[in-house]
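A look at the structure
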Amino acid sequence: MGVSRPAHPSAGAAVLAVDAGNSKTDVALIAADGTVLSTGRAGGFQPPRVGVETAVDVLGRAVEEAAEAAGLSRPAPGNPYAVQVSACLANADLPVEERLLAQAIGARGWGAATEVRNDTFAILRAGLAAAEGPRGVAVVCGAGINCVGMLPDGRTARFPALGQISGDWGGGGGLAGEAMWWAARAEDGRGGPTALAAALPGHFGLGSMYELIEAVHLGSLAPGRVHELVPVLFATAAAGDPVASALVERQADEVVALASVALERLGLLAEEAPVLLGGSVLAARHPQLNGRIEALLAERAPYARVSVVTAPPVLGAGLLGLDALGAGPEAYEKLRAHFE
């Protein structure tokens with residue numbers, strides 16, 4: 001977790017909550033009693049692609065929208081927008097990145113104190129009741145895959161989540177790529193048959209995998225549209241295709257491996273603890289995927305309480321901000337009621 005703490009605040013809100021993913025940024029200004037004063041939205045947060053300062057500028061557009069809606073003047077020394085900035089950010093995958101981003105955001109003067117965490121922590125906190133505190137494990141499977149765990153005393157369990165180089169497999173992008181790999185080899189004869197060879201190009205009105213590969217390679221198909229292949233993969237698996245089913249099952253195995261290791265690191269394997277599933281792939285509740293996850297966790301972590309988080313991650317960022325300020329139970333309840 002990255003932290004930046006200027007001194008002597010006099011702020012208009014208690015918490016500035018920020019949830020920034022690759023595709024969009026949501027912020028909320030929250031009063032000390034949990035009232036949401038205003039919200040803002042901007043584009044995706046991608047410092048590896050555009051640089052830290054430009055990426056933080058994107059956050060700034062959402063923050064300024066929320067501040068204007070709340071009637072707050074531009075921040076000045078000693079007069080920030082909020083006491084606590086609680087930012088949960090995509091691409092803050094390593095503690096060193098969290099620290100650098102906390103410094104960059106803290107320099108904008110939006111809050112008297114700034115804490116930056118990876119965005120998976122927002123899913124974790126959003127799925128936990130206020131009375132429980134930040135105790136449990138969350139696995140997010142959206143465009144990518146990640147897992148974090150947290151205890152009320154501040155201890156965490158986490159993974160680099162940098163893709164293949166850090167041992168990761170799956171997520172929406174990975175599943176789409178794997179589906180295309182198997183389908184391409186089925187069509188050209190290097191691999192065995194699979195219904196994916198017709199289903200994937202058919203989704204885009206194309207007649208062959210060759211046409212789909214060409215469209216992706218030449219850019220006539222927007223890169224983001226490749227993620228549309230994930231529901232096609234699940235539908236093909238549900239229809240009984242062995243190759244597609246094997247990919248779905250492997251994704252479940254990866255989720256369970258992450259959750260089990262995180263629980264073990266935190267000493268939670270032998271006691272009741274929540275395991276929260278988030279991100280578009282898991283939130284879709286595909287029976288083959290989620291059912292296998294629950295069955296395998298029942299074997300490896302029998303005390304785990306599995307649930308799917310559908311609340312917006314900015315709620316989790318806000319709850320983490322209230323945690324930092326030692327808010328009372330009424331504030332948590334009011335904030336949660338606003339977003340749920």
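1. Brief notes about the sheet that holds strand β10 (residues 273-278)
- An order of β9-β8-β7-β10-β11 is seen for the five strands of this open sheet, with the pairing classed as mixed. What marks the edges here is a single partner per strand, and that holds for β9 (156-158) and β11 (304-308). Neighbour-to-neighbour, the strand axes of this sheet turn through a mean angle of 15°, independent of strand direction.
- Here three bridges tie strand β8 (residues 145-150) to β9, and the two strands are oriented antiparallel to one another.

2. So, the packing of aromatic side chains
- Within the structure shown, the criterion is met by one aromatic pair.
- Between the aromatic rings of Trp 181 and Trp 182, the centroid separation amounts to 5.0 Å while the plane-to-plane angle is 80°, which identifies the pairing as edge-to-face.
- Accessibility expressed as a relative area gives 43% for Trp 181, which makes it partly exposed.
- Judged by its relative accessible area of 33%, Trp 182 falls in the partly exposed class.
- Residue placement shows Arg 265 over the ring face of Phe 159; its charged tip is 4.5 Å from the ring centre.

3. A word on the packing of helix α9 (residues 242-265) against helix α11 (residues 287-300)
- Contact pair α9 / α11: the axes reach a minimum separation of 9 Å and the direction vectors enclose 40°. Considering their axes alone, α9 and α11 lie oblique with respect to each other. α9 and α11 meet at a crossing whose hand is right-handed. Along its contact with α9, which presents Ser 245, Val 248, Glu 249, Gln 251, Ala 252, Asp 253, Val 255, Val 256, Ala 257, Ala 259 and Ser 260, the element α11 presents Gln 288, Leu 289, Arg 292, Ile 293, Leu 296, Leu 297 and Arg 300.

4. Regarding the pattern of salt bridges
- Counting across every chain of the model gives 16 salt bridges.
- In this structure, the salt-bridge partner of Arg 108 is Glu 53, at a minimum N-O distance of 2.9 Å. Here Glu 53 lies in helix α2 (residues 52-69) and Arg 108 lies in the loop between α3 (95-106) and β6 (111-118), a separation of 55 residues in the sequence.
- Overall, Glu 53 belongs to the partly exposed group, its relative accessible area being 44%.

5. Some thoughts on the layout of surface pockets
- Quantified by volume, the largest pocket comes out at close to 1100 Å³.
- For the largest pocket, the lining is made up of 38 residues, of which Asn 22, Asp 119, Gly 142, Ala 143 and Gly 144 are closest to its centre.
- At the level of elements, α4 (120-126), β8 and α10 (280-283) are the ones that each hand at least two residues to the lining of the largest pocket.
- No other element matches the three residues that α10 contributes to the lining of the largest pocket.
- Grouping the constituent residues of the lining of the largest pocket by class yields 14 nonpolar, 19 polar and five charged.
- Put simply, the second largest pocket is a space of about 180 Å³.
- Counting only elements with at least two residues in the lining of the second largest pocket, the list comes to β6 and β9.
- In the lining of the second largest pocket, the residues fall into six nonpolar, two polar and four charged.

6. Details of unusual backbone geometry
- Within the chain, Asn 91 stands out as a residue other than glycine whose phi angle is a positive 70°.
- Assignment of secondary structure puts Asn 91 in the loop between β5 (82-89) and α3.
- Given a relative accessible area of 19%, Asn 91 falls into the buried group.
- In the Ramachandran plot, Arg 285 falls in the positive-phi region, its phi being about 55° despite a non-glycine side chain.
- Residue position: Arg 285 is located in the loop between α10 and α11.
- According to the relative accessible area criterion, Arg 285 is partly exposed, its value standing at 48%.

7. Re helix α6 (residues 196-203)
- Listing the buried residues of α6 in full gives Leu 196, Ala 197, Leu 200 and Pro 201. Each buried residue of α6 lies within a common arc of 115° when the element is viewed along its axis, so the set occupies one face.
- Buried positions along α6 lie against α5 (171-188), α7 (209-218), α8 (229-238) and α9.
- Following α6 by one or two positions, Gly 205 adopts a phi angle in the positive range, close to 75°.

8. Describing the pairing of β6
- β6 sits mainly inside the fold: eight of its eight residues count as buried.
- A crossover links β5 with its parallel partner β6, the connecting element being α3, and its sense is right-handed.

9. With respect to the pairing of β10
- The buried count for β10 comes to six of six residues, which makes it a mostly enclosed element.
- A two-sided burial pattern is seen for β10, the buried positions comprising Ala 273, Val 275 and Leu 277 on one face and Pro 274, Leu 276 and Gly 278 on the other.
- Across four bridges, the pairing between strand β7 (residues 136-141) and β10 is parallel. Residue pairing in the sheet places Val 139 in a bridge with Leu 277 of β10.

Analysis parameters
Residues numbered from 1 in each chain as written. Predicted model: local features only at pLDDT ≥ 70, side-chain atom pairs only at ≥ 80, totals over all residues. Heavy atoms only, no water. Pairing = 2+ DSSP bridges. Helix = DSSP H or I, 4+ residues; strand = E, 2+ residues; numbered from the N terminus. Axes fitted to C-alpha atoms, helices over the stretch in contact; angles between N-to-C directions. Phe/Tyr/Trp six-rings, centres within 6.5 Å; stacked < 30°, edge-to-face > 60°. Buried < 20%, exposed > 50% of the residue type's maximum accessible area, 1.4 Å probe, protein only. Lys NZ or Arg CZ within 6 Å of the ring centre and 35° of its normal. Parallel < 35°, antiparallel > 145°, perpendicular 65-115°, else oblique. Left-handed = near helix turned anticlockwise from the far one by under 90°. Contact = heavy atoms within 4.5 Å. Salt bridge = Lys/Arg side-chain N within 4 Å of Asp/Glu carboxyl O. 1 Å grid on protein atoms, 1.4 Å probe; cavity = no way out; pocket = protein on both sides within 12 Å on 5 of 7 lines; lining within 4 Å. Points joined across faces, edges and corners; volume = space filled by probe spheres on them. Nonpolar A, V, L, I, M, F, W, Y, C, P; charged D, E, K, R; others polar. Arc of directions from axis to C-beta. Right-handed = clockwise from strand over helix to strand, strands pointing away.

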